[in-house]
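Remarks on the overall topology
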Amino acid sequence: MGDVYVPLVNHEGKGSEWKLRTSFAAPLAAAAALLLVGFSFAITYAPTKASDDHVNQYYMWFIHVMVMIFVGFGFLMTFLKRYSYSAVALNFLLSALAMTVYLLVGGAIQQFLWPEDGRPPKSGKVELDLPLLIDAAFCAGAAMISFGAVLGKASPGQLLWMVLLEVPIYALNQKLVFDVFKALDIGGSMSIHAFGAYFGLAVAMFVSCEGSGSSHAKNGASYNSDITAMIGTIFLFIFWPSFNGALASNPDVTTEAPAQTQFFCVVNTVLSLLGACLSAFACSAAFEGKLDMVHIQNATLAGGVAVGSAANLKIAPGGALAIGLLAGAISTCGYVRLSPKLESCIGLRDTCGVHNLHGLPGVFGGLAAALASVLAAAANQSVLLDHGSRTYLYQLAALGCSLGMALVGGALTGLIITKLDPAAQVLPAEKMFEDSVFWAECEEEEEAGHATAL
Amino acid sequence: MGDVYVPLVNHEGKGSEWKLRTSFAAPLAAAAALLLVGFSFAITYAPTKASDDHVNQYYMWFIHVMVMIFVGFGFLMTFLKRYSYSAVALNFLLSALAMTVYLLVGGAIQQFLWPEDGRPPKSGKVELDLPLLIDAAFCAGAAMISFGAVLGKASPGQLLWMVLLEVPIYALNQKLVFDVFKALDIGGSMSIHAFGAYFGLAVAMFVSCEGSGSSHAKNGASYNSDITAMIGTIFLFIFWPSFNGALASNPDVTTEAPAQTQFFCVVNTVLSLLGACLSAFACSAAFEGKLDMVHIQNATLAGGVAVGSAANLKIAPGGALAIGLLAGAISTCGYVRLSPKLESCIGLRDTCGVHNLHGLPGVFGGLAAALASVLAAAANQSVLLDHGSRTYLYQLAALGCSLGMALVGGALTGLIITKLDPAAQVLPAEKMFEDSVFWAECEEEEEAGHATAL
Amino acid sequence: MGDVYVPLVNHEGKGSEWKLRTSFAAPLAAAAALLLVGFSFAITYAPTKASDDHVNQYYMWFIHVMVMIFVGFGFLMTFLKRYSYSAVALNFLLSALAMTVYLLVGGAIQQFLWPEDGRPPKSGKVELDLPLLIDAAFCAGAAMISFGAVLGKASPGQLLWMVLLEVPIYALNQKLVFDVFKALDIGGSMSIHAFGAYFGLAVAMFVSCEGSGSSHAKNGASYNSDITAMIGTIFLFIFWPSFNGALASNPDVTTEAPAQTQFFCVVNTVLSLLGACLSAFACSAAFEGKLDMVHIQNATLAGGVAVGSAANLKIAPGGALAIGLLAGAISTCGYVRLSPKLESCIGLRDTCGVHNLHGLPGVFGGLAAALASVLAAAANQSVLLDHGSRTYLYQLAALGCSLGMALVGGALTGLIITKLDPAAQVLPAEKMFEDSVFWAECEEEEEAGHATAL
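The name an unreviewed UniProt entry gives chain A is Ammonium transporter AmtB-like domain-containing protein, with Tetradesmus obliquus as the organism. Note on chain A: under the UniProt heading Sequence similarities (unreviewed entry), the record states "Belongs to the ammonium transporter (TC 2.A.49) family. Rh subfamily." Quoted straight from UniProt, the Subcellular location (unreviewed entry) entry for chain A says "Membrane".

So this is what it looks like as structure tokens:
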């Protein structure tokens, strides 16, 4: 078998190397240099008083969100048999890049563009605190959802540009959702999940090509890669309540009774996740007569997405369970029925099925919170502990804004990274879903085909 | 090698599909529907005061317990070379199901059958708070221990019924152990570990058959599956102190000095785990002349099980280390000497060896706490910070109750799921320990045999 | 293929078994027995007042550090294709052993040799509390860094002795760094990372032999082992801020404003890690034209190492990012340029490249903190919230002390475990990097060669 060990670089020659240096290393180094300048002149520590206990209030939640972004999304995307290196490693890099850029750009938008209390920080710089770090991790989450839609199809250099373009659009939309429309979206059903999904799907329309869909020989899992993907699923499931509740104790978000609001967030999210797990398994077996790893890895988590907008509301335990049961069923149906149709009809190729896990359940979640507002208003009650009931129209406006910004922003991004960047490395279908194109010391696919066959 | 790729469904035809739809999807959907009705009418949020900080007090501990149940048990059971999908995924589903059912049934038993302060909640509904969620995760732990005994042998449909039957019996026994016998069992050596193990072993006597024991060709590990199993072991090891200490600050459990009691719980558990790790490695090498992954994955954790009953007592650091050293040795001996005997003599086939990790160390743990009571009484001291010394007879009664309820309940359950359920899918030996029977897009064992051989 | 399944023990005969019993099981059992005696007579719980809340203050941080030691280092070292069992399992055992020994020996050095407040505990015993457990986990971290340098080359018996000898030397050096030189080293750049690295490299000079370097056929990764190694990397990345901040709220360490100091620790560490991730990816692609898993797994973490000494200082967000960017670049350069030179010139074989991840960045981190002191003194400011500025000379002395103690201690240890221990099992090159030498039920390398080839 000796001759099949020859690494791909020998076939490719210098051309291949040249591309990763100019299309990836150079812009990344430039971005890092610019970020260092930006951090040096425009970011400072948030002033703290000795009585503050920001670490106690936020730090553990921040770490939980980090687990979701880096372990959860990172390993969930290792399910492709020949793209696991890139999945976990590019998720790592792109999340770190998104966070760093968000601290600067998102921080500036939050604190200077429309400062919450009407005036920017006295220091004249972005003030860095733990809620801003949590927001940065949320932004990375949205970017990694977009990454899921183009997984295996966009080159590392294209992905850099995608993230660099997505972060400011995300930050702008976030500001609109929360400060203009004052929408209910504590866990980001609309502003994180739906935004990230539709942004990524719009990009996917550009980077996908003939043959890069579900019939691509490498666009599938191996026994081992499905198990490492489950690491992602299980950690996402466990830590999701922290995602939805991380900022619930923030006085900017919850003006009264933050401890109780946070209690609702975590309990509602746990119940919704439990519901989605039950319905995803039931639907998977009902649809196919067998269980399907794609559904178990993804649709079980739709409860966390869908309860994101309404997590801090008094939707009752039964309401939270119902949201989860429905979301798990919707998501599984999406994988079984909708995705094949979208691929054949409009050529939408969605590697991770983010439309089914984040798109549909995100929209459903935004609508569920609107419905909760309506029902509460009808009953003359407040859905929130500390706010008056809000009109569902604002909720719909925030949803529309998120979808519009995502689709337009994603389409522009897709256009730029495929047509306008002269150094961009556009992958042909035969180089897609394959680590050896970008990784040293990585055996070629020919042998790997055996490994996955065996 | 092309022809061996044909998925098993082609061999099985519609018969196979039909079974998972009727034996699994239908009862699961029915259970989900009933749970939704139950949640809608019979569960409400526990009333909280603004001054409460339940989230701060319990939430991080709850998440740690969730890590143990879903990551710990889930990945520990992936050690089988051809049953890793089912291990991690069914652990996921069954834990979620056990938690959801426990919230309703266990909550009702706790709050209505024998309400702690003599009267049920004013709301007339089960009141959901974080300690109840922790209790639900504990219940899932017991159920997953039982799952370990029948791993690979019970069909998904049978497992559903096992969990649905085990949860109420678990909840009843838990109530007896803590409220009638007022036993020392903060970490559940008796009520969780021994109960779950003996319940599962009783079920295993029914679902096992000729050829389903240790000689079954697929009842073993591959190089990769042993590594993913270690993910489970390591996370269980790290988070076990949180399992034993999660409810130690609960005023229902610890009436005085909860912070100190919780300190004892975590320190004693850490020391006992360290001891079990040392003795399991030493015994493994001493018995076999080589290290054995089965012992390292399991017996290293026996310290967490065994210190469960006495974790909140002043057993001294030396006492905690001694419990762990002994438990690791007992557990390793169980794997090497006892399990083969039990299989050959009484036909007990215990896939994960839960008898060695949870059964024996659980009984040892209950007895250790009884001994600590006796020694403290002899020295005229209190073992607890906040309770008088308790008679060891109550401890023995609680142990006997747990074992009796587990064995009788498990035997009845085994009978029901093998003989009485008309839709049950009883697996013949040749379909055991094999994912492709239940999973779509999962290659058959013939090829996988190569992968594990290679 | 049947005949290739024969386990190695059949080839080796009794000789192989005898060695693990006498060289490993016997000294481990003896150590456990001595530890039990020591714990029984010389360790007690630290006295706590009801008002104390040690659990709340330290426990979650302790668990995070445990995740780094057992999951982080354990899985990071599974990257070798045929040594993954040993990597994760021996990391588990040796960490547990190091922690247990440290509690006794390190505790005695801390509390009796030079008691911080001038007098030893009234109880006459080592008083066990959570900061001591955190210190024990730090010590295990140093020992596991050393393990990384000799990974695959030292036998289990030799590793036992290495850890038993390293722990007291580590504890002594730690005392010198913090109590004599009063150095800035809250995250252990010098006392943990540089110490552990240079200690291990000194040992590696003794246990390595001709043919045990980078050209060894088994001294490399497989596709699967590189993915499991990424589990370690990602968890180390996420939890590193807790490592650097775990003891920042300790009144012995931070006399004023502990919450703010801890805030600086976590924020600076996050930023430095983000920086190292960006620069490691950029440098990896720039150097090789492709990405290299070795760099991604390791150099991305250099930011956590390098910011360890200065994490609690007001180095500004830009300063923290700069430290990380530099550290990631230094570390990647080390892997690409320095390691091959050190191997060819002085025969230094460093399996995990700990010199590049812990050695160089650790030294850089100590110097960075010294520079921060100098700059702050020049600006007539205090770098610390609560201390006067310290002279950089003390910092350099602490660095020199750590390097000296590590190199001399490591060399003595290497001498002892290769020459002086009569039962020591010195491995020839052909038995290195191979699990089947020590593990039962582990197929031989011949077949595994196929698996990794495929």
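Residues and elements named next belong to chain C. Two elements in contact, helix H7 (residues 189-207) and helix H13 (residues 354-378), have axes separated by 8 Å at closest approach and are oriented at 140°. Classified by the angle between their axes, H7 and H13 sit oblique to one another. The two elements H7 and H13 cross, and the hand of that crossing is left-handed. Across the interface between the two elements, Ser189, Met190, His193, Ala194, Ala197, Tyr198 and Leu201 from H7 touch Val354, His355, His358, Gly359, Leu360, Gly362, Val363, Gly365 and Gly366 from H13. Grouping the amino acids of the contact of H7 with H13 by side-chain chemistry returns eight nonpolar, eight polar and no charged.

As a further point, take the relation of the copies chain A and chain B. For these two chains of identical sequence, chain A goes onto chain B by a turn of 120° and a shift of 0.0 Å along the axis, with RMSD 0.0 Å. The two molecules are tied by a three-fold rotation axis, judged by turn and shift.

With that out of the way, let us pick up unusual backbone geometry. Residue and element names in this part refer to chain B. Despite not being glycine, alanine 316 has its phi angle at roughly 70°, a positive value. Tracing the backbone shows alanine 316 in helix H12 (residues 316-346). The exposure class assigned to alanine 316 is partly exposed, which follows from its relative accessible area of 34%. You will see that glutamate 441, though not glycine, has its phi angle at about 55°, which is positive. As for its placement among the helices and strands, glutamate 441 is situated in the loop between helix H14 (392-420) and helix H15 (445-453).

The next point concerns the relation of the copies chain C and chain A. Superposition of chain C onto chain A requires a rotation of 120° combined with a translation of 0.0 Å along the rotation axis, giving an RMSD of 0.0 Å. The share of interface residues of chain C whose copies in chain A are also at the interface is only 10%, consistent with the copies meeting through different surfaces.

Accessible area lost during the coming together of the parts is what is often quoted as the interface size. Counting residues at the interface gives 56 residues for chain A and 72 residues for chain B. Here chain A and chain B share zero salt bridges between them. The interface formed by chain A and chain B includes 12 residue pairs in polar contact (both at pLDDT 80 or more). Those elements that place two or more of their residues in the side of chain A that touches chain B are helix H3 (54-76), helix H8 (223-245), helix H9 (258-288), helix H10 (293-298), helix H12 (316-346) and helix H15 (445-453) of chain A. With 19 residues, the single largest contributor to the side of chain A that touches chain B is H9(A). When the residues that make up the side of chain A that touches chain B are grouped by side-chain class, the tally is 39 nonpolar, 12 polar and five charged.

This next bit is on the pattern of salt bridges. All names here are of chain B. A full pass over the atoms with the stated rule returns nine salt bridges over all chains. Linking glutamate 434 and lysine 218 is a salt bridge whose minimum nitrogen-to-oxygen distance equals 3.0 Å. A residue pair is termed long-range when its members are at least 10 positions apart, and glutamate 434 in the loop between H14 and H15 and lysine 218 in the loop between helix H7 (189-207) and helix H8 (223-245) qualify at 216 residues. Of the two residues, glutamate 434 and lysine 218, neither departs from the other in class, the shared state being buried.

The partner chain A presents 72 residues to the 58 residues of chain C that form the contact. Taken together, both faces of the contact between chain C and chain A bury some 5,400 Å²; the carbon and sulfur share is 78%. Here chain C and chain A share zero salt bridges between them. Summed over the shared surface of chain C and chain A, the number is 12 residue pairs in polar contact (both at pLDDT 80 or more). Of all the elements in the fold, those that place two or more residues in the side of chain C that touches chain A are helix H3 (54-76), helix H8 (223-245), helix H9 (258-288), helix H10 (293-298), helix H12 (316-346) and helix H15 (445-453) of chain C. Considering each element in turn, the side of chain C that touches chain A owes the most residues, 19 residues, to H9(C).

This paragraph deals with H12(C). In the structure, H12(C) departs most strongly from a straight axis at Gly334(C), where the bend amounts to approximately 45°. Where H12(C) terminates, the next one or two residues include Gly347(C), which has phi positive at roughly 70°.

Our focus in this paragraph is the packing of H3(A) against helix H4 (residues 84-113) of chain A. Residues and elements named next belong to chain A. H4 packs onto H3 with a crossing angle of 140° between their chain directions and a minimal axis gap of 7 Å. Here H3 runs over H4; the crossing is right-handed. Residues Phe62, Met66, Ile69, Phe70, Phe73, Gly74 and Phe75 of H3 form the contact with H4, whose own contacting residues are Ala87, Val88, Asn91, Phe92, Ser95, Ala96 and Met99. Among the residues forming the contact of H3 with H4, the class breakdown is 11 nonpolar, three polar and no charged.

Rules used in this analysis
- Residues numbered from 1 in each chain as written.
- Chains lettered and ligands numbered in written order.
- Predicted model: local features only at pLDDT ≥ 70, side-chain atom pairs only at ≥ 80, totals over all residues.
- Heavy atoms only, no water.
- UniProt positions renumbered as here; feature names shortened; annotations may be inferred.
- Axes fitted to C-alpha atoms, helices over the stretch in contact; angles between N-to-C directions.
- Helix = DSSP H or I, 4+ residues; strand = E, 2+ residues; numbered from the N terminus.
- Parallel < 35°, antiparallel > 145°, perpendicular 65-115°, else oblique.
- Left-handed = near helix turned anticlockwise from the far one by under 90°.
- Contact = heavy atoms within 4.5 Å.
- Nonpolar A, V, L, I, M, F, W, Y, C, P; charged D, E, K, R; others polar.
- Least-squares fit on C-alpha atoms with pLDDT ≥ 70 in both.
- Buried < 20%, exposed > 50% of the residue type's maximum accessible area, 1.4 Å probe, protein only.
- Salt bridge = Lys/Arg side-chain N within 4 Å of Asp/Glu carboxyl O.
- Polar contact = N/O pair within 3.5 Å; in protein donor to acceptor, adjacent residues only side chain to side chain.
- Buried area = accessible area lost by both parts, 1.4 Å probe.
- Bend = angle between axes of the 7 residues up to and from the residue.

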